[in-house]
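Spelled out, the chains give:
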Amino acid sequence: MALAKRIIPCLDVDKGRVVKGVQFVDIRDAGDPVEVARRYNNEGADEITFLDITATHEGRDTIVHVVEQVAGEIFIPLTVGGGIRCVEDVRMMLNAGADKVAINSAAVAKPEFVCEAAEKFGNQCIVVAIDAKQVNDGSNDQPPRWEIFTHGGRKATGIDAIEWSKKMVSYGAGELLVTSMDNDGVKNGFDLPLTRAISDSVAVPVIASGGVGNLEHLAEGVIKGHADAVLAASIFHFAEYSINEAKRHMAEQGIEMRL
Amino acid sequence: MTTSTTVAVIDYGMGNLHSVAKALEHADNHAKVIVTSDKQHIAKADRVVLPGVGSMRDCMGEMQRMDLIETIKQVAKNKPFLGICIGMQALMTHSSENDGVNCLDIIPGEVERFADGLKDPLVNEEQSHLKIPHMGWNQVNQQIKHPLWQHIPQNQRFYFVHSYFVVPKSPEPIAGSTVYSHPICVALAQDNIFATQFHPEKSSDAGLQLFANFINWDGT
């Protein structure tokens, strides 16, 4: 008997529609987030994350309706990230039925926001999303180093990723979502040293993200990266693998899974 | 079930109760689910759910501020009553959270925090340090037979997220346990009361089954 490691499919949502192509043969409307979430739930997803990438403020109400609809019929934990900037944003998402919110650039801009949100709504619903890039690979006698980047990996902040992770946990983050900006979209697997360095230095659960190209990458994230959960988007969207398949593969590697 | 039953989900300002209410409706479409802080509505309902997220100090503070404590104690005596997460912990005598908070004292016992640096006894390597909160799907071992466990397999996984757990004074009310470094009590049963540390409203089919069982339970 043990706690299972989690698989979390992530849906990128723009103006209420799933983007980055979802190709399920048996789905009528592959852009409908409710239908995709239903499918993932049926396949055994342990949680679902929505990343709202809507650029305009006006389009942002749509994610609230998506969360409301999904929460009304799918009874597993839901996380919403993207554009969470103030306590009111957090409240709106939780009231719509989200269980957790992921705070990203707003945490960098104003770390106290994390304290405020955790104080108000509890640590359990505050996920801090950490986008990190390697700035030193450790080959020059210096220890490897990763820094926090914002604006989709374009803007360096000079903040050390490990120190930042510890700080965010002390500010009240109940979970960390760690994305390697070097690996994101590359499909060569997670940045395992980064994931492990963060997971081993904080007490809260860590979700590995960025770079999954096959099922072995998911298993490595847990076994070598010490992640408590693994997040992936495209390998599930394009139906290369089902979530069930992924879970069975991980279980075969000796990882405790909910099957 | 032919007659409808009213389920009051107590709203004491602690987090979003949308998912609990939706899941109850989904579990049994004959149930009339109301989310309420109205004492009369709570007292008149056929069954009552005490949910909750957040800290114990806020939880007890809000119950007090809204003058709900006597009503909750009363309905916990005479109708099917389900406590969830903080709503389970609040039933105990006292919690160590927030430097110590007195709770409802309906079930004698304490609420304690997971120790730092917990080890996973099943893993013999560096990865054995367990995270807090205990977050995710863990197996629940049913310690007794109970109408709320009906149609739910032994060691079924449910969704947890918590840093504190209950330690009942005597083992009698323990209805379910799970292992997180060490065994912990995650379900309590005492007369017409049932309570879970896990979140049935987030535990997919198994959680809905437990809700359906609760809606059809006469409290004995």
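Quick notes on the rules
- Residues numbered from 1 in each chain as written.
- Chains lettered and ligands numbered in written order.
- Predicted model: local features only at pLDDT ≥ 70, side-chain atom pairs only at ≥ 80, totals over all residues.
- Heavy atoms only, no water.
- Helix = DSSP H or I, 4+ residues; strand = E, 2+ residues; numbered from the N terminus.
- Rg over C-alpha atoms; globule rule 2.2 N^0.38 Å.
- Buried < 20%, exposed > 50% of the residue type's maximum accessible area, 1.4 Å probe, protein only.
- Contact = heavy atoms within 4.5 Å.
- Areas by Shrake-Rupley, 256 points an atom, 1.4 Å probe, with all protein chains shown as cover.
- Lys, Arg positive; Asp, Glu negative; His and termini not counted.
- Charge placed at Lys NZ, Arg CZ, Asp CG, Glu CD.
- Axes fitted to C-alpha atoms, helices over the stretch in contact; angles between N-to-C directions.
- Left-handed = near helix turned anticlockwise from the far one by under 90°.
- Nonpolar A, V, L, I, M, F, W, Y, C, P; charged D, E, K, R; others polar.
- Arc of directions from axis to C-beta.
- Parallel < 35°, antiparallel > 145°, perpendicular 65-115°, else oblique.
- 1 Å grid on protein atoms, 1.4 Å probe; cavity = no way out; pocket = protein on both sides within 12 Å on 5 of 7 lines; lining within 4 Å.
- Points joined across faces, edges and corners; volume = space filled by probe spheres on them.

Enquirer: I keep staring at the overall build of chain A and nothing clicks. Help me out?
Expert: Helix and strand counts for chain A stand at 10 helices and 11 strands. For a compact globule of 259 residues, the expected C-alpha radius of gyration is about 18 Å, and chain A comes in at 17 Å, within 12% of that figure. If one aligns the C-alpha atoms of chain A with their principal axes, the spans along those axes are about 55 × 45 × 35 Å. Here chain A holds 259 residues, and the buried ones make up 59% of them. Across chain A, the fraction of contacts at a sequence separation of at least 24, relative to all contacts at a separation of at least 6, is 62%.

Enquirer: Please clarify how the overall build of chain B should be interpreted in this entry.
Expert: The secondary structure content of chain B amounts to 6 helices and 13 strands. Against the 2.2 N^0.38 benchmark of 17 Å for 220 residues, chain B shows a C-alpha radius of gyration of 17 Å, consistent with a compact globule. Expressed along its principal axes, the backbone C-alpha trace of chain B runs to roughly 55 × 40 × 30 Å. The proportion of buried residues among the 220 residues of chain B is 58%. At a minimum sequence separation of 6, the contacts of chain B that also span at least 24 residues come to 70%. With an accessible surface of roughly 8,900 Å², chain B has 46% of that area assigned to carbon and sulfur atoms. Each charge class in chain B was averaged separately, 17 positive and 23 negative side chains, and the resulting centres sit 4 Å apart.

Enquirer: Please explain unusual backbone geometry as it appears in this structure.
Expert: Residue and element names in this part refer to chain B. Cis peptide bonds are those with omega within 30 degrees of zero, and the linkage from I132 to P133 qualifies with 5°. Its location among the elements puts P133 in the loop between β7 (109–113) and β8 (134–142). If you check the backbone angles, D105 has positive phi at about 60° while not being a glycine. Residue position: D105 is located in the loop between β6 (101–102) and β7. If you check the backbone angles, H151 has positive phi at about 65° while not being a glycine.

Enquirer: Would you explain the packing of helix α1 (residues 33–42) of chain A against helix α2 (residues 61–71) of chain A in this entry?
Expert: Axis angle and axis distance: for two packed helices, these are the angle between their axes and the distance between the axes, and together they describe the pair. All names here are of chain A. It is at 9 Å that the axes of α1 and α2 come closest, and there the two elements cross at 40°. Our pair here, α1 against α2, has a crossing hand that is right-handed. Here P33, V34 and A37 of α1 come into contact with α2, specifically with V66, Q69 and V70. Along the lines of polarity and charge, the residues of the contact of α1 with α2 split into 5 nonpolar, 1 polar and no charged.

Enquirer: Looking at this structure, I do not really get helix α10 (residues 243–252) of chain A. What am I missing?
Expert: Think of an α-helix as 3.6 residues a turn; residues three or four steps apart then line up on the same face. All names here are of chain A. Of all the positions in α10, only I243, A246, K247, H249 and M250 are classed as buried. Around the axis of α10, the buried residues are gathered within 160° of arc, so they sit on the same side. Buried residues along α10 sit against β1 (6–14), α1, α8 (215–223), β11 (229–232) and α9 (234–237). Two residues or fewer after α10 comes G254, characterised by a positive phi angle close to 90°.

Enquirer: Just checking my understanding: could you explain the packing of helix α3 (residues 87–96) of chain A against helix α5 (residues 112–121) of chain A for this structure?
Expert: Residues and elements named next belong to chain A. Running from N to C, α3 and α5 cross one another at 40°; their axes reach a closest spacing of 10 Å. Of the possible angle classes, the one that applies to α3 and α5 is oblique. Both α3 and α5 take part in a crossing whose hand is right-handed. In contact with V87, V90, R91 and L94 of α3, α5 contributes F113, E116, A117, K120 and F121. Of the residues belonging to the contact of α3 with α5, the class tally is 6 nonpolar, no polar and 3 charged.

Enquirer: Is there a simple way to think about the layout of surface pockets in this case?
Expert: In this approach the atoms are scanned with a rolling probe the size of a water molecule, which exposes any empty space left behind. Residues and elements named next belong to chain A. Approximately 1,200 Å³ is the volume attributed to the second largest pocket. Forming the boundary of the second largest pocket are 48 residues, of which D12, L51, I53, N104 and D131 lie nearest the centre. For the lining of the second largest pocket, the leading source of residues is strand β3 (residues 48–52), giving 4 residues. Counted by class, the lining of the second largest pocket contains 19 nonpolar, 18 polar and 11 charged residues.

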